[in-house]
Amino acid sequence: MRDLSSRVVPAVIAGLALAAFPMFGGKFAIDLVTKIMILAIFALSLELLVGQTGLVCFGHAAFLGIAAYTAALLTPQSGPAPLLALLPAAVLAAGGYALAVGALSLRTRGIYFIMVTLAFAQMAYYVFHDTKLGGGSDGIYVYYRPVLSVGDWQPFDLDGGHTFYYFVLVFLAFTFALLGFLVRSRFGRALAGIRVNEQRMRAAGFATYGYKLAAFVLAGMLAGLAGFLYALKDGFVSPELLSWHQSGAVLIMIILGGLGSLRGAVVGAFAFVLLQELFQSEAVFGALAQHWQLTLGFAIIACVALMPDGIVGAGRQFGRRVANLRRLRNA
Amino acid sequence: MPESRAGEVLLRASRVSRSFGGLKAVDDVSVAVRQGTVHAVIGTNGAGKSTLINLLCGEIQASQGTVELLGHDVSRWSQPRRAQAGLGRSYQRNTIYAPFTVFENCRLSAQARLQRPWAWFTPASSCATTCAAASHALERTGLAAQAHLIAGTLSHGQKRQLEIAMCLATGPRVLVLDEPLAGMGAEESERMLALLEGLKAEHAILLVEHDMGAVFRVSDEITVMVNGRVIATGAPEEIRANAEVQTAYLGEEGAN
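Everything numeric in this text was worked out from a predicted model, so none of it was measured. (Residues numbered from 1 in each chain as written. Chains lettered and ligands numbered in written order. Predicted model: local features only at pLDDT ≥ 70, side-chain atom pairs only at ≥ 80, totals over all residues.)

### Concerning the interface of chain B and chain A
Point 1. Across the contact, 25 residues belong to chain B and 21 residues belong to chain A.
Point 2. Secondary-structure elements contributing two or more residues to the side of chain B that touches chain A are helix 2 (79–84) and helix 3 (102–111) of chain B.
Point 3. Looking at the side of chain B that touches chain A element by element, the count peaks at four residues for helix 2 of chain B.
Point 4. Here the residues of the side of chain B that touches chain A are counted per class, giving 13 nonpolar, nine polar and three charged. (Contact = placed C-beta atoms within 7 Å. Helix = DSSP H or I, 4+ residues; strand = E, 2+ residues; numbered from the N terminus. Nonpolar A, V, L, I, M, F, W, Y, C, P; charged D, E, K, R; others polar.)

Written out as C-alpha cells, the structure reads:
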C-alpha cells in the first residue's frame, strides 16, 4: 500500500498546514488563502474535464458566475438566506446550465468544442452585463452570508472569526477527496479511456456521450460550488466573474500546476494567484508593478517552457533524480 | 453466454451499400458469418473492406441494406450498443490505450460489460470480474508476462496481440478482425494464426487480411471484393479455382 500512502500523506499534510494557517497568518494573508482555496475548487472542477477526460472547456467561468449570481439574487435584502437552500440552488443552477451547454457542445470535438463552450460562456456573460437582472455591469451585493440553523441552534456563524476560512477549507477537502475517489473508480477510468482513445471506447461498448455529459455536469456543479463560495467571500458579484479572462485564468492554473493530476490543480491555483500578487507588489517591482499583466505573462511563459509537465511534473522529475543520485552513491 | 449451434449465422449483412460523395465504397454487399468458422473478406486496396467492417460494427451507418447480429436487426443500432450485444472488433492500425498498462488496456475493455458508472467510491482495480476477464484474455493471447508493462512500449507484434486481447476481454461472440497480421514477422504471424484457429471454436470470425497464405489456411469461407462489390463467395478451393477472381485479384498477387 506504498502507493496509497504516497498519495494520501501529502494531501493530509497540506490539509493540516492549511488548517493551521489562520494561527500564523494576518488578515490579508488569510483572506488571500481563502480566495486561493475557492479558486482551487474551481481549478479542480476544470481538471476533471481537461486533465482527466480530455475535454478542453474554454467557458468554465460561466458555471462559476451563474452560481455566484444565483446566490446573490436569492439572498434577500432584509436578512440571511438558509444555507441548506441557497447552496443547492446555486450548485443546481450551474449544473443546469452545464447540462444544456454540455448536451449541445459535446456533439462537437477539438477546436470546435473549445469555441462552442467559449460562445456559451460569453452569452451568459452578456446576459448579466447588459441586462438589469443582476445590476448590469455594476454587479450586485450580497449583504448577508447564509446561515445554517437546525431549530434554534446555529452550529456556526460564517461572519465570525475564521469560520468562513474553515468553511471553504472543508469544501476544498471534500472536492479533492471526491475527485480522488472518482478518478480511480470505473467512471473515472472510463473518462481516462475516452481521453486517450474515444474510438476504441465506443468499439468496446461504452456509450461515450453519456459519460462525457455526466463529467461535464459534475464539473459545472463543482465550479458552481466555487462560485457560491466566491459570492459569499467578498459579498459582491460582477459580470467579470463570467468573462473569458476568468475561463482562461483557470485553464492556465491547471496547466501551470500540471495537467492530469488533481494536486496539480490545487498547486496551480496557489502558484497563479501568488505570482499575480508578487508582480502586483509595488514594494518588490516599483513602477513596474503597474504593468503586472506583462510580467505575469512572461513568468507563465517561462514556467511552461521550463516545466512542460507543470509544477507537479517538475517535482516528480526532481524526486526521481534525487533517488537516482542516492542509488549511485550507495552503489 | 448462450450457446449457439456450429454453423448458425451470427452476423449477416444483407445488400448493404454506402457511398462517400460520388464513390460507392460498398455496393450491394451481402456476407454471412457462421458460428465456429472464419469468413475472410479479401480484395485489393480500396475494394471497400474497411468500409464494410465499419458498416458491420456501426462506426458508420449503411445507407441501404440491413445488418443482423445474433438474430436482431441492428442496422440502426449505435456502435457501443452492437458491441454490448456481443460484437468485438480489432483495428488495422493499433488503437490501444498507449499510456495505460497492458493489463489496464484489457481491464478497461472488460469494464464495458460491467460499467457501473455510479460506483464512485469503489476503485476500478478492485473489481474481480473485470480483472479476471482481463487476465484470461492476456493468457489466451500469450501476453500474461507483459501485463504490467506500459502498452505503448510493446513491440509491434505484441501490440497486435494486445488488440486481440482487448477484443476478447469484452467477451464477444462475433469477432471482426481488420488485418490482424499487418506488419508481423513470420514467427509472430504463426502464433497469431494458431490463436485464430483456437478462437474459431467459440466465435464467429470475420477476417480481413492481405496475407493470402494465411487466409487460405484458416478460412472456411471467402468473399472477394472488387471496387465495392462482391465478385465471388465460396469455400477456399472454389475461390482459388474461380477465373474471375484470378484475373481481378489473385493474378496480380502472383496467384500464391
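Following the structure, the description resumes.
### With respect to the domain arrangement of chain B
Residue and element names in this part refer to chain B.
Point 1. Assigned domains within chain B: domain 1 (1–86 + 172–256) and domain 2 (95–171).
Point 2. Domain 1 and domain 2 are separated by 25 Å when their C-alpha centres are compared.
Point 3. On the side of domain 2, 10 residues touch domain 1, which itself brings 12 residues to the contact.
Point 4. Grouping the constituent residues of the side of domain 1 that touches domain 2 by class yields eight nonpolar, two polar and two charged. (Domains from an automatic or database assignment.)

### Some details on the sheet that holds strand 5 (residues 72–73) of chain B
Residues and elements named next belong to chain B.
Point 1. The strand order across the open sheet built from four strands is 2-1-4-5, with neighbouring strands paired in antiparallel fashion. Single-partner strands in this sheet number two, and they are strand 2 (23–34) and strand 5.
Point 2. One ladder, built from five bridges, connects strand 1 (residues 9–20) with strand 4 (residues 64–69); its direction is antiparallel. When the bridges of strand 4 are listed, Ala 13 appears paired with Val 67.
Point 3. Sheet strands in contact with helix 1 (residues 49–57) are strand 1, strand 2 and strand 4, and its direction is about 120° off that of strand 1. (Pairing = 2+ DSSP bridges. Axes fitted to C-alpha atoms, helices over the stretch in contact; angles between N-to-C directions.)

### Quick look at the pairing of strand 9 (residues 221–226) of chain B
Residue and element names in this part refer to chain B.
Point 1. In terms of residue burial, strand 9 counts as a mostly covered element, since five of its six residues are buried.
Point 2. Across five bridges, the pairing between strand 3 (residues 38–43) and strand 9 is parallel. Each bridged residue has a counterpart across the sheet, and for Gly 43 the counterpart in strand 9 is Met 225.
Point 3. For strand 9 and strand 10 (residues 229–234), the ladder comprises five bridges, and the chain directions are antiparallel. In the sheet register, Thr 223 faces strand 10, and the bridge partner there is Thr 233.
Point 4. If you look at the hairpin formed by strand 9 and strand 10, you'll find two residues sitting between the two strands, and Asn 227 has a positive phi there, around 50°. (Buried ≥ 20, exposed ≤ 12 C-beta atoms within 10 Å, placed from the backbone.)

### Digging into the nonpolar core
Point 1. Ala 40, Ile 41, Ala 43, Ala 67, Ala 68, Ala 94 and Phe 228 of chain A are the most contacted members of the largest nonpolar core, which has 168 residues in total.
Point 2. For this core, the leading source of residues is helix 8 (residues 208–234) of chain A, giving 16 residues.
Point 3. Residue assignment places this core across two domains, with domain 1 (1–86 + 172–256) and domain 2 (95–171) of chain B each supplying three or more.
Point 4. Setting aside residues no more than four positions away along its own chain, Ala 43 of chain A makes contact with Val 250, Met 253, Ile 254, Ala 265, Val 266, Gly 268 and Ala 269 of chain A. (Core = buried A, V, L, I, M, F, W, Y, C linked by C-beta atoms within 7 Å.)

### Regarding the packing of helix 4 (residues 83–105) of chain A against helix 5 (residues 110–130) of chain A
All names here are of chain A.
Point 1. Following both chains from N to C, one finds helix 4 and helix 5 inclined at 145°, their axes separated by 10 Å at the closest point. In this structure, helix 4 meets helix 5 at a crossing whose hand is right-handed. Residues Tyr 97, Val 101 and Ser 105 of helix 4 touch helix 5, and the partners they reach there are Phe 113, Val 116, Thr 117, Phe 120 and Ala 124.
Point 2. Per-class residue counts for the contact of helix 4 with helix 5 are six nonpolar, two polar and no charged. (Left-handed = near helix turned anticlockwise from the far one by under 90°.)

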